[in-house]
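# A structural walkthrough
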Amino acid sequence: EVQLVESGGGLVKPGGSLRLSCAVSGFTFSNYSMNWVRQTPGKGLEWVSSISSSSSYIYYADSMKGRFTTSRDNAKNSLFLQMNSLRAEDTAVYYCARGNDYYDSSGYYGGYYFDYWGQGTLVTVSS
Amino acid sequence: DIQLTQSPSSLSASVGDRVTITCRASQNINRYLNWYQHKPGKAPKVLIYAASSLQSGVPSRFSGSRSGTDFTLTISSLQPEDFATYYCQQSYNNPRTFGQGTKVEIK
C-alpha cells in the first residue's frame, strides 16, 4: 500500500523557518518525482515545488523561490521542504504528492499528475 | 503562467443529478489537464488525468472531456459521497497551476 506521511508542521513566527518531511512507503521512491502542494485557509490548492527522481531538476512557484528548498533522500525514502523567511501568507496545509508521467497505449506522452497524496501537515505563521 | 478558470465556483445539486464543471485554460495545454476531488481534512484524490483518462478505482460516473482549451468534468449521477470541492490542474508547464476550485454542495 502506498503511503505518504508528512510531518514537521507547527506554529512559527514571521521570518522564522520550518522543515517539513514526507516519509513514503509502498513504492520504489527513487523511481518517481515528488511534489509539494499547499492549501491556504479558505482558498484552493497551490503547487509549491517539484523535484525529479534523482534531484537533478527542482522547480518552485515564483512566490517560494529563494525562500523554500526542496530536497530528497532516496536511501531513506524521504522528501523534505525547508521553508525560510516565512510569511503570514505561507500559512497552509502542506501536502506531499507523488508525480506520475502518463504515456498512452501508442506511447505518446499524456501529461503528469499527482497520483498519491499525504494527509497534509499544518503550518501556521503568526506572531 | 497558465491560468485555469473554473466555472461555476460553487453549485448546489441533488443526489442523482448530472453535474458538469468547466475549466478553461488561458492557452493551449494539449490534453495535459487533470481533475482532483478534495474533501475537508482528507488528501486530494485524482479522478481524471490527461483530460479524459479515468484513474484506477474511480467510479465510472466520473468522466472528462476536452474541446480546445475548454475541459469538462462530468458526474453522471451525483452520489452522497461526491459532495466535495473539485479542482482542475495543468501539467503543460511549470508552475503546475490549479483552477480556483468548484464546491459541490447538497441542495
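In this report, we go over the structure that sits alongside the text. In this text the structure is predicted, and so the values were computed from the model without any measurement. (Residues numbered from 1 in each chain as written. Chains lettered and ligands numbered in written order. Predicted model: local features only at pLDDT ≥ 70, side-chain atom pairs only at ≥ 80, totals over all residues. Heavy atoms only, no water.)

### Looking at the side chain of Arg 61 of chain B
All names here are of chain B. Checked against the element boundaries, Arg 61 lands in the loop between β6 (53–54) and β7 (62–67). Owing to a relative accessible area of 17%, Arg 61 belongs among the buried residues under this scheme. Engagement of the side chain of Arg 61 in a polar contact is seen with the side chain of Asp 82, the distance being 2.8 Å. Excluding residues within four positions of it along the chain, Arg 61 makes contact with Thr 74, Ile 75, Ser 76, Ser 77, Gln 79, Glu 81 and Asp 82. (Helix = DSSP H or I, 4+ residues; strand = E, 2+ residues; numbered from the N terminus. Buried < 20%, exposed > 50% of the residue type's maximum accessible area, 1.4 Å probe, protein only. Polar contact = N/O pair within 3.5 Å; in protein donor to acceptor, adjacent residues only side chain to side chain. Contact = heavy atoms within 4.5 Å.)

### What to know about the layout of surface pockets
If you add up the space inside the largest pocket, you get close to 420 Å³. If you trace the largest pocket, you find 19 residues lining it, with Tyr 116, Trp 117 and Gln 119 of chain A together with Ala 43 and Pro 44 of chain B closest to the centre. Secondary-structure elements contributing two or more residues to the lining of the largest pocket are β1 (3–7) and β10 (109–117) of chain A together with β5 (45–49) of chain B. Here the residues of the lining of the largest pocket sort into nine nonpolar, six polar and four charged. (1 Å grid on protein atoms, 1.4 Å probe; cavity = no way out; pocket = protein on both sides within 12 Å on 5 of 7 lines; lining within 4 Å. Points joined across faces, edges and corners; volume = space filled by probe spheres on them. Nonpolar A, V, L, I, M, F, W, Y, C, P; charged D, E, K, R; others polar.)

### Notes on the sheet that holds strand β8 (residues 78–83) of chain A
All names here are of chain A. Taken in spatial order, the four strands of this open sheet run β1-β3-β8-β7, and their pairing is antiparallel. Edge strands, defined here as strands with exactly one partner in the open sheet, are β1 and β7 (68–73). The sheet shows a mean angle of 15 degrees between the axes of neighbouring strands, taken without regard to direction. Of the pairings in the sheet, the one linking strand β3 (residues 18–25) to β8 comprises six bridges and is antiparallel in character. (Pairing = 2+ DSSP bridges. Axes fitted to C-alpha atoms, helices over the stretch in contact; angles between N-to-C directions.)

### Observations regarding the state of the cysteines
Residues and elements named next belong to chain A. Enumeration over the complete set of coordinates arrives at two disulfides over all chains. A disulfide bridge connects Cys 22 with Cys 96, and the sulfur atoms are separated by 2.1 Å. Taking the torsion about the sulfur-sulfur bond, which here is approximately 60 degrees, the covalent link between Cys 22 and Cys 96 counts as right-handed. Taken together, the residues Cys 22 in strand β3 and Cys 96 in strand β9 (residues 92–103) connect sequence positions 74 residues apart. Classification of Cys 96 by relative accessible area gives buried; the value is 0%. (Disulfide = S-S within 2.5 Å.)

### Considering the pattern of salt bridges
All names here are of chain A. Evaluation of the coordinates by the stated rule reveals 10 salt bridges over all chains. Linking Arg 38 and Asp 90 is a salt bridge whose minimum nitrogen-to-oxygen distance equals 3.0 Å. With Arg 38 in strand β4 (residues 34–39) and Asp 90 in the loop between β8 and β9, this residue pair connects regions lying 52 residues apart in the sequence. You can call Arg 38 buried: its relative accessible area is 5%. Beyond isolated ion pairs, a larger network of salt bridges with shared partners links Arg 38, Glu 46, Arg 67 and Asp 90. (Salt bridge = Lys/Arg side-chain N within 4 Å of Asp/Glu carboxyl O.)

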